[in-house]
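Overview (structure and organization)
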Amino acid sequence: MDKNKEVWDEILGEIELEVSRANFLTLFKRTALLSSQDGVLTIAAPSIMIIDLLQRRFFDIIKKSVDKHVGEGTEIIFVPKTSPAEELRASGPLFETSEKTEAIVGHLPRVRPDFTFANLAVSSTNQLAYVSATTVAKKPGVTYNPLFIYGPTGVGKTHLMQAIANEVYQKNADRKIIYITSEEFTNEVVDAIRTNSTAQMKRRFRNTDLLIIDDIQFVAGKEKVQEELFHTFNILVDNGSQIVLSSDRPPAEIKKVEKRLMSRFSGGLTVDIEAPDFELRTAILLIKAKKYGFNLSMEVAKTIAEKEQDARSLEGALLRIMTEAEAKGVLIDSSLAQTVLEGKSAKKTYHPDDIINNVCAYYKIKPTQIKSQKRDASLVRARQIAMYVLKKDLDLTYVEIGNMLGGRDHTTVMHGVEKVEKMIETNGLGQEILGIKNYDSGKLADY
């Protein structure tokens, strides 16, 4: 056996015991010891991005093991396996978007063509998930199957999953790809049972090359859905098809899920996306402003990013500032952003009924309807948007919002807020919410 490989395997064996399986498979597994001479250890890693993660997050662990097997005082040097040009093509931009989406021919149902790797803001908080997702997109069904991505709402899970779909589709438009939420998957299972068409439903999901299910935590407690998902899962993996799942929590923390299905969730690679750091928050703001057709300067983006720590509050802050600029007919600058952000707490003096009335006026429904138990699609949409605005702009509790909207359970409100958050990311609902806030300026002149 090659001496360098033998030494490095011993070092990796110790490191594997000290890091998570996800980190080891994604960051360490594909490294190699190129040379060890004159007190210098040269280690090759797949990319500059991975080298950055290894040096910042795991250098002490690596150094301890290297000192033990090679000798104390050994200098460690990392080099990328890819060329600078290849690395540039492989990495996502931080503060600018790309026009690469124009290269995508056709359109995948339920998948936004602009949700690509090139248009994803990447920093240390989502870098591991980004690397994992790009690896899966290059060789679906070969590594990390399933890929399970978890993290709080608004950190880019949907963007990352749809980027995988777009990448696979761009390379081969004949691939059968399904992107679906767990709620939609549940509805299809229920409808298939109701209409006695389960065979057709099974063929649809079990004959796909790439199955992506968003918000998998909502299958909890649904026995028939879990049973169908379990069998579909096994068939797809046996056929070499790729499965990608997302959740707001790791597999082990999803309650009321069968052990056999939980085992499948955890059988591949599980990676998390953390709340965005300052750099990523700034990048997200620049990208979203461009989506709305606003030219936001770097300084203004930094001003907002410094004030807003929560990922989802970024878009809300941006919408408030855009609304203020449109109402006053002025350009967005740091002074305007600072004024709007500092005045946010004062807006809590508005009565929640004003917001409910504004939503009702926009959708031409009555407040009694939005508070009723009716489940018409138009009422559900308006009701969930009201929940979102009450939560994000007035910072009311889920219980308080539920009581205001007909005595609904706090979990219903939580689901409604999360659904609107998802729709803002996937369907451009943010522009509609901006219109709602501008709709009846007599009620909410300073809103």
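Residues numbered from 1 in each chain as written. Predicted model: local features only at pLDDT ≥ 70, side-chain atom pairs only at ≥ 80, totals over all residues. Heavy atoms only, no water.

1. With respect to the overall build of the protein
- The secondary structure content of the protein amounts to 21 helices and 8 strands.
- Looking at the protein as a whole, 51% of its 447 residues qualify as buried.
- Long-range pairs, those at least 24 residues apart, make up 73% of the contacts in the protein with a sequence separation of at least 6.
- Accessible area for the protein stands at about 20,800 Å²; split by element, carbon and sulfur atoms hold 51% of it. (Helix = DSSP H or I, 4+ residues; strand = E, 2+ residues; numbered from the N terminus. Buried < 20%, exposed > 50% of the residue type's maximum accessible area, 1.4 Å probe, protein only. Contact = heavy atoms within 4.5 Å. Areas by Shrake-Rupley, 256 points an atom, 1.4 Å probe, with all protein chains shown as cover.)

2. Thoughts on the packing of aromatic side chains
- Applying the stated criterion across every chain, the model contains 6 aromatic pairs.
- For the pair Phe24 and Phe28, a centre-to-centre distance of 6.2 Å together with 15° between the ring planes defines the contact as stacked. Separated by 4 residues within a single helix, Phe24 and Phe28 lie in helix H2 (residues 21-28), roughly one turn from each other.
- On the accessibility criterion, Phe28 (1% relative accessible area) is buried.
- Ring geometry for Phe148 against Phe265: centres 5.9 Å apart, planes inclined by 45°, an arrangement best described as tilted. With Phe148 in strand E4 (residues 147-150) and Phe265 in helix H11 (residues 259-265), the pair connects residues that are 117 residues apart, well separated along the chain.
- By relative accessible area, which is 0% here, Phe148 ends up buried. (Phe/Tyr/Trp six-rings, centres within 6.5 Å; stacked < 30°, edge-to-face > 60°.)

3. Comments concerning the pairing of strand E6 (residues 210-214)
- When you tally the buried positions in E6, you get 5 out of 5 residues, the bulk of the element.
- The side-chain alternation of E6 yields two buried faces, one formed by Leu210, Ile212 and Asp214 and the other by Leu211 and Ile213.
- Note: strand E5 (residues 177-181) against E6, 5 bridges, orientation parallel. Residue pairing across strands places Thr181 opposite Asp214, the latter belonging to E6.
- Both E6 and strand E7 (residues 242-247) contribute to a ladder of 4 bridges, which runs parallel. Bridging from a neighbouring strand, Ile212 pairs with Val244 of E7.
- Crossover handedness for the path E6 to helix H10 (residues 223-238) to E7: right-handed. (Pairing = 2+ DSSP bridges. Right-handed = clockwise from strand over helix to strand, strands pointing away.)

4. A word on the confidence of the model for the protein
- For the protein, the mean per-residue pLDDT works out to 82, and 87% of the residues sit at or above 70.
- Low pLDDT (under 50) marks residues 83-106, which in the prediction has 47 contacts with non-local residues, meaning those over four places away or in another chain. (pLDDT = per-residue confidence, 0-100.)

5. Description of the nonpolar core
- Counting 56 residues, the largest nonpolar core has Phe28, Ile62, Leu147, Leu160 and Ile164 as the members making the most contacts within it.
- When residues no more than four places from it in sequence are discounted, the contact partners of Leu147 are Ser132, Ala133, Val136, Ile164, Gln242, Ile243, Val244, Leu245, Leu269 and Val271. (Core = buried A, V, L, I, M, F, W, Y, C linked by side-chain atoms within 4.5 Å.)

6. Considering the side chain of Thr125
- Turning to its location among the elements, Thr125 is positioned in the loop between helix H5 (84-90) and helix H6 (127-138).
- Look at Thr125 and you get buried, because its relative accessible area is 8%.
- Contacts of Thr125, omitting those with residues within four sequence positions, involve Ile273, Glu274, Ala275, Pro276, Asp277 and Leu280.

7. Details of the packing of helix H8 (residues 182-194) against helix H9 (residues 198-206)
- Put simply, H8 and H9 touch, their axes get as near as 8 Å, and they point 150° apart. The angle between H8 and H9 places the two elements in the roughly antiparallel class. Of the residues in H9, those in contact with Phe185, Glu188, Val189, Ala192 and Ile193 of H8 are Thr198, Met201, Arg204 and Phe205. (Axes fitted to C-alpha atoms, helices over the stretch in contact; angles between N-to-C directions. Parallel < 35°, antiparallel > 145°, perpendicular 65-115°, else oblique.)

8. Topic: the pattern of salt bridges
- Taken as a whole, this structure holds 13 salt bridges when the rule is applied.
- A salt bridge links Lys63 to Asp67; the shortest N-O distance between them is 3.2 Å. In this pair, Lys63 and Asp67 are both assigned in helix H4 (residues 59-69), 4 residues apart and thus about one turn of the helix distant. (Salt bridge = Lys/Arg side-chain N within 4 Å of Asp/Glu carboxyl O.)

9. Considerations on the pairing of strand E1 (residues 32-37)
- Strand direction decides the pairing type here: E1 and strand E2 (residues 40-45), joined by 5 bridges, are antiparallel. Among the inter-strand pairings, Ser36 is bridged to a residue of E2, identified as Leu41.
- Linking two consecutive strands that pair antiparallel, namely E1 and E2, is a turn of 2 residues; a positive phi of about 55° is found at Asp38 within it.

10. So, a positive patch on the surface
- Taken together, the side chains of Arg30, Lys81, Lys138 and Lys139 make up a positively charged region of the molecular surface.
- Tracing the backbone through its elements, the reader meets Lys138 in helix H6.
- A relative accessible area of 54% means that Lys138 is categorised as exposed. (Patch = residues over 30% accessible without salt bridge, like charges linked within 9 Å, V, L, I, M, F, W, Y side chains within 5 Å. Lys, Arg positive; Asp, Glu negative; His and termini not counted. Charge placed at Lys NZ, Arg CZ, Asp CG, Glu CD.)

11. Topic: the sheet that holds strand E8 (residues 269-272)
- Pairing is parallel across the open sheet formed by 5 strands, whose spatial order is E5-E6-E7-E4-E8. Here the strands that pair on one side only, and so sit at the sheet edges, are E5 and E8. Averaged over all adjacent pairs, the angle separating strand axes in this sheet is 15°, with direction ignored.
- One ladder, built from 4 bridges, connects E4 with E8; its direction is parallel. In the strand pairing of E8, Leu147 is matched with Leu269.
- The strands touched by helix H7 (residues 157-171) within the sheet are E4, E5, E6 and E7, with E6 carrying the most contacts at an inclination of about 165°.

12. A few points about the sheet that holds strand E3 (residues 75-80)
- Strand order across the open sheet formed by 3 strands is E1-E2-E3, with mixed pairing between neighbours. Looking at the sheet topology across the chains shown, the edges are occupied by E1 and E3. The average angle at which neighbouring strand axes cross in this sheet is 20°, direction not considered.
- As paired strands, E2 and E3 are joined by 6 bridges and run parallel to one another. If you follow Ala45 over to E3, its bridge partner there is Pro80.
- Contacts from helix H1 (residues 3-16) reach E1 and E2, with the element oriented near 110° to E1.

13. Considering unusual backbone geometry
- Here the residue pair Asn145 and Pro146 is connected by a cis peptide bond, since its omega of 5° sits within 30 degrees of zero.
- Unusually for a residue other than glycine, Asp215 sits at a positive phi of about 55°.
- Relative to the elements of secondary structure, Asp215 occurs in the loop between E6 and H10.
- Accessibility expressed as a relative area gives 15% for Asp215, which makes it buried.
- Not every positive phi belongs to a glycine, and Lys364 is a case in point at roughly 60°.
- Its location among the elements puts Lys364 in the loop between helix H16 (352-363) and helix H17 (367-370).

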